[in-house]
Amino acid sequence: MQTVSVNVSRPYEVRIETGILARAGEEIRKTLGEGRIMIVTDDTVDALWGARLESSLTEAGVSFKKFVIPHGEASKNAQSWLALLETLAENAFTRTDILCALGGGVVGDLTGFAAATFLRGIRYVGIPTTLLAMVDSSVGGKTAVDLSRGKNLAGAFHHPSLVLCDPGALSTLPEEVFADGMAEVIKYGVLGDAELFEILKDRDHLPMEEVIRRCVAMKAAIVEEDETDHGKRKLLNYGHTAGHAIEARANFTMLHGHGVAAGMVIAARYAHSIGLCGGGIIEEIASLVRLYGLPDASPYPASELTETALRDKKREGGRIDLVLPERIGSCVLHRVGVDALPAFLSGGAV
Ligand SMILES: NC(=O)c1ccc[n+]([C@@H]2O[C@H](COP(=O)([O-])OP(=O)(O)OC[C@H]3O[C@@H](n4cnc5c(N)ncnc54)[C@H](O)[C@@H]3O)[C@@H](O)[C@H]2O)c1
Ligand SMILES: [Zn+2]
């Protein structure tokens, strides 16, 4: 088992082990003691992995209930949140009881927000089942639901009490959802872990526990320094400025990681154009994202991305912190005005 301690205001552990899902009941009981559990999951994950979690809870003598949402981002809304709170109340859950998120980031964000708000805050355990949820949303304490005007508009910071990552659960992920998570994994490599970047070049022999541990450890270190997202945490946005513009231009029909992959290459091109890094880094990143079936360029011209990005950024007050690579394993924050966006989004070509 690989363990990462997340030393935030309320410290917790992320335990990573193939097969840990079958022992989840025991892990939860040993770490969190008594308490009933409300499993929150989506219909797809429930059908694939629900029984395994339930039998482990039964074996450990933990009593539980289950709340299932339809899979997909559309379920991460205020109606699901309210229905979950009502279910907790109907079942007389108390502050000694525990929510358990079995699923991807959608289930994780919804469960975390319900845990943050029910009785002004109860404990929750994360059991992420997508790669993205394991390496990104399981650490950091950001919880939220979407409102009709946009994503994550209602939320809270509320850390889980325990996270259990079972890389075995990734075996049932559709290929493109796995690739989606790999974009974030590659991001961590460029951001601060050149060894991880090297490991990823051998796609057929990925040591998944090790890969996940490295990502979680890096996110934990950054979050520990900037728990409420006012500074260093911005580094985690590497690839996301251009990535968001691409996603938005595609009316969010493109998977997040696919936009981020192209966004990382665009940011490297721009970094090279202003003399921050050598040119070789561009092709290094581009070939690694291609290895995982991810795009290395935007399907839209830079002018269209600029239009989309300007609409968003103007609303945010005009200054942007670009995250730019200096070399594989190190990125810096680079503050610019919105007028630099056309050059940035065209990778320095304007
Ligand atoms: N809180 C944070 O810090 C944070 C960070 C990044 C993303 N997010 C949020 O996470 C969400 C995206 O997460 P996601 O990509 O995990 O999406 P998701 O939860 O919708 O999962 C993607 C799809 O995969 C299915 N699935 C999940 N696990 C599976 C498995 N093991 N086998 C087969 N299918 C499986 C799900 O049913 C779903 O259809 C977004 O809402 C985003 O805002 C949050
Ligand atoms: Zn992301």
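Note that the structure is predicted; figures quoted are calculated from it, not measured. (Residues numbered from 1 in each chain as written. Chains lettered and ligands numbered in written order. Predicted model: local features only at pLDDT ≥ 70, side-chain atom pairs only at ≥ 80, totals over all residues.)

**Side note on the site of ligand 1**
Close to ligand 1 lie 29 residues, the nearest being Thr44, His71, Gly104, Gly105 and Ser137. For the shell around ligand 1, the secondary-structure elements that each account for two or more residues are α2 (43–59), α4 (105–117), α5 (131–137), β8 (150–157) and α6 (175–192). Looking at the shell around ligand 1 residue by residue, the classes come out as nine nonpolar, 12 polar and eight charged. (Near = placed C-beta within 6 Å. Helix = DSSP H or I, 4+ residues; strand = E, 2+ residues; numbered from the N terminus. Nonpolar A, V, L, I, M, F, W, Y, C, P; charged D, E, K, R; others polar.)

**Observations concerning the packing of helix α1 (residues 24–32) against α2**
The contact between α1 and α2 brings their axes to 7 Å, and the two run at 50 degrees. Put simply, α1 runs oblique to α2. Contact residues: α1 offers Ala24, Gly25 and Glu26, while α2 offers Leu53, Ser56, Leu57 and Glu59. (Axes fitted to C-alpha atoms, helices over the stretch in contact; angles between N-to-C directions. Parallel < 35°, antiparallel > 145°, perpendicular 65-115°, else oblique. Contact = placed C-beta atoms within 7 Å.)

**Let's talk about the nonpolar core**
Side chains of a nonpolar character, in soluble globular proteins, are inclined to be buried together. Judged by nonpolar contacts, the single largest core of 103 residues is most densely connected at Leu99, Cys100, Met264, Ala267, Ile285 and Val289. Counting contributing residues, this core receives three or more from each of domain 1 (2–172) and domain 2 (180–345). Once you skip the residues sitting within four places of it in the chain, Ala267 turns out to touch Tyr238, Gly239, Ala242, Leu322, Val323, Leu324 and Pro325. (Core = buried A, V, L, I, M, F, W, Y, C linked by C-beta atoms within 7 Å. Buried ≥ 20, exposed ≤ 12 C-beta atoms within 10 Å, placed from the backbone. Domains from an automatic or database assignment.)

**Regarding the domain arrangement of the protein**
Domains assigned within the protein are domain 1 (2–172) and domain 2 (180–345). Put simply, the middle of domain 1 and the middle of domain 2, counted by C-alpha atoms, are 27 Å apart. Listed by partner, the interface residues are 23 residues for domain 1 and 19 residues for domain 2. Breaking the side of domain 1 that touches domain 2 down by element, the ones donating at least two residues are β1 (2–6), β2 (12–16) and α5.

**Quick look at unusual backbone geometry**
A positive phi angle, close to 50 degrees, is found at Leu119, a residue other than glycine. Counting through the fold element by element, Leu119 comes out in the loop between α4 and β6 (123–128). What makes Leu119 partly exposed here is the crowd of 13 C-beta atoms within 10 Å. Notably, Arg120 is not glycine yet its phi reads approximately 60 degrees, a positive angle.

**What about α6?**
The terminal C-alpha atoms of α6, which comprises 18 residues, lie 26 Å apart, in line with the 26 Å expected from a rise of 1.5 Å per residue. Burial analysis of α6 places 14 of its 18 residues in the buried class, the great majority of the element. (Expected span 1.5 Å × (residues − 1).)

**Some details on α2**
Given a rise of 1.5 Å per residue, 17 residues ought to cover 24 Å, and the 23 Å separating the end C-alpha atoms of α2 matches this to within 8%. At Trp49, α2 shows its largest bend, some 60 degrees. On its buried side, α2 packs onto α1, β3 (37–42), β4 (64–69), β5 (98–103) and β6. Note on α2: the residue one or two positions beyond its end, Gly61, has a positive phi of about 75 degrees. (Bend = angle between axes of the 7 residues up to and from the residue.)

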